[in-house]
Amino acid sequence: MSESKNKTIVDTLKREILSGRYSITRAFPSERALAVRFKASRPTVRIAIQELRAQGLVARRQGAGTTVTEVGARRKVGLIIPDVSQSEYFVRIVRELIRVAERERYTLAFAEISGETAAERAAEAERLVEYLIEQNVSGVIFQPIEYFEDGETFNRRMLERLRKSDIPVVLCDNPCSPDVVGYDVVGNDNIAVGMQMYRHLIACGARRPCFFMRPFASQTHHARLQGVMLASLSGRNGTIRKDLFLIAEPDDARLIERRIKVDRIDAFLCGDDETAAKLMQTLHRLGYSVPQDVMVSGVNDLAIAPLLTPSLTTLRINCEQIADAAFERLIARIAKPGLPPTEIFLPAELVVRESTSRNSVRRPAKKCVLR
């Protein structure tokens, strides 16, 4: 059997199913008809149909032949990204998910979430969950909300609501909470992110780096802190410095200055680029020079990163890969609800700029692959 012939048959029939050519009420072609159409043997066609069955798109019924399943007929998935209005990072992911859904002939059901406060965004997201349940979507990609005091309770409530409605969920960006298990998660290798940035700052001459994150940050940031802690233990006696992290708002000048003076902090690893940009403004107001007095780094490589003065060293996250992997995993979960939960953590790319280069002049960013 030709693998290319089998792939052609599977891809063609999948597109036709998802485009509505076949449905629960429209008969699916017989093996004989498909063999004639594709100029293939009956065994080749049978293997292709088995692949479509494995994807949950068709089923064989006694006396009825091959029919399109309810999953294949619905072709509608939901998207819940509560923080899309707060970060360019999530905008990139949503943009790519829209593109992937169009390519795969799925309808992507979502709504704009634009509340100014986290509580407002949570309320909008909760209404969206109810709408998606009413729409009987096949599955949902869900980003657990960040920087919200009641965020963990909210995230758990939304997951439980979707579970009771038998709607498969893939978590995007972070796993919500360490003890929330049984869900697929697609995000970054955040422990590796923290370790890589800590080691980069040490190599740049920092003696007392400190991980900086805002209150009620997501598990993404806690995993990055874990990476920083692991990297800091290298060559030590197993103890972790008590000044290794700071949880504060980036405009809390009083607390930031006290930590710099008391703990002699000379580098901040920020949980994301937005936090790093605001922290750099605070350091400037306090009279500290970046990077001569204090180095600063971020994560995500947003559009603002190379435009800051000095330009920001950061880790570039591949939002396109995250979106592709999340969508692919959701379709697999819809097709086979009994699959074991999977965590997919993707690599990032270190982009070195002026905010961690004390003896540098402005020059193009250096890049190296995070492994």
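Residues numbered from 1 in each chain as written. Predicted model: local features only at pLDDT ≥ 70, side-chain atom pairs only at ≥ 80, totals over all residues. Heavy atoms only, no water.

Just give me the short version of the overall build of the protein chain, but keep the residues and values in it.
Looking only at helices and strands, one finds twelve helices and 15 strands in the protein chain. Overall, the C-alpha framework of the protein chain stretches about 80 × 45 × 40 Å when taken along its three principal axes. Residue pairs in contact within the protein chain that sit at least 24 positions apart in sequence constitute 71% of those at least 6 positions apart. Within the structure as shown, the protein chain displays about 17,800 Å² of accessible surface, and the carbon and sulfur contribution to it stands at 50%. (Helix = DSSP H or I, 4+ residues; strand = E, 2+ residues; numbered from the N terminus. Contact = heavy atoms within 4.5 Å. Areas by Shrake-Rupley, 256 points an atom, 1.4 Å probe, with all protein chains shown as cover.)

Provide a residue-level description of the pattern of salt bridges, including the pertinent values.
For the structure shown, the criterion picks out 24 salt bridges. Arginine 329 is the salt-bridge partner of aspartate 184, the closest N and O atoms lying 3.2 Å from each other. Of this pair, aspartate 184 sits in strand S7 (residues 184–188) while arginine 329 is found in helix H12 (residues 319–335), placing the two residues 145 residues apart along the sequence. Owing to a relative accessible area of 1%, aspartate 184 belongs among the buried residues under this scheme. Two residues, arginine 259 and aspartate 263, come together in a salt bridge whose shortest N-O distance is 2.6 Å. Taken together, the residues span about one helical turn, with arginine 259 and aspartate 263 both in helix H10 (residues 253–263) at a distance of four residues. By relative accessible area, which is 13% here, arginine 259 ends up buried. Given a relative accessible area of 16%, aspartate 263 falls into the buried group. (Salt bridge = Lys/Arg side-chain N within 4 Å of Asp/Glu carboxyl O. Buried < 20%, exposed > 50% of the residue type's maximum accessible area, 1.4 Å probe, protein only.)

Kindly report on the confidence of the model for the protein chain, identifying the contributing residues and their values.
Residues with a pLDDT of 70 or more make up 94% of the protein chain, whose mean pLDDT is 90. Taken as a whole, residues 361–371 scores under 50 in pLDDT and shows 25 contacts with residues more than four places along the chain or in a different chain. (pLDDT = per-residue confidence, 0-100.)

So what's going on with the pairing of S7? Residues and values would help.
When you tally the buried positions in S7, you get five out of five residues, the bulk of the element. Bridge count between strand S6 (residues 169–173) and S7: four bridges; the pairing is parallel. From the neighbouring strand, cysteine 172 faces S7, where its bridge partner is valine 186. As paired elements, S7 and strand S13 (residues 343–346) share four bridges and run parallel to each other. Looking at the pairing, glycine 187 lines up with phenylalanine 345 of S13. (Pairing = 2+ DSSP bridges.)

Describe the packing of aromatic side chains, naming the residues involved and giving the relevant values.
Summed over the entire model, instances satisfying the criterion amount to four aromatic pairs. Ring centres of tyrosine 89 and phenylalanine 90 lie 4.9 Å apart, and the angle between their planes is 65 degrees; on these two criteria the pair is classed as edge-to-face. According to the relative accessible area criterion, tyrosine 89 is buried, its value standing at 3%. Of the residues examined, phenylalanine 90 reaches a relative accessible area of 4% and is grouped as buried. With a centroid separation of 5.6 Å and an interplanar angle of 85 degrees, the aromatic rings of tyrosine 106 and phenylalanine 327 are classed as edge-to-face. A residue pair is termed long-range when its members are at least 10 positions apart, and tyrosine 106 in the loop between helix H5 (88–103) and strand S4 (107–109) and phenylalanine 327 in helix H12 qualify at 221 residues. (Phe/Tyr/Trp six-rings, centres within 6.5 Å; stacked < 30°, edge-to-face > 60°.)

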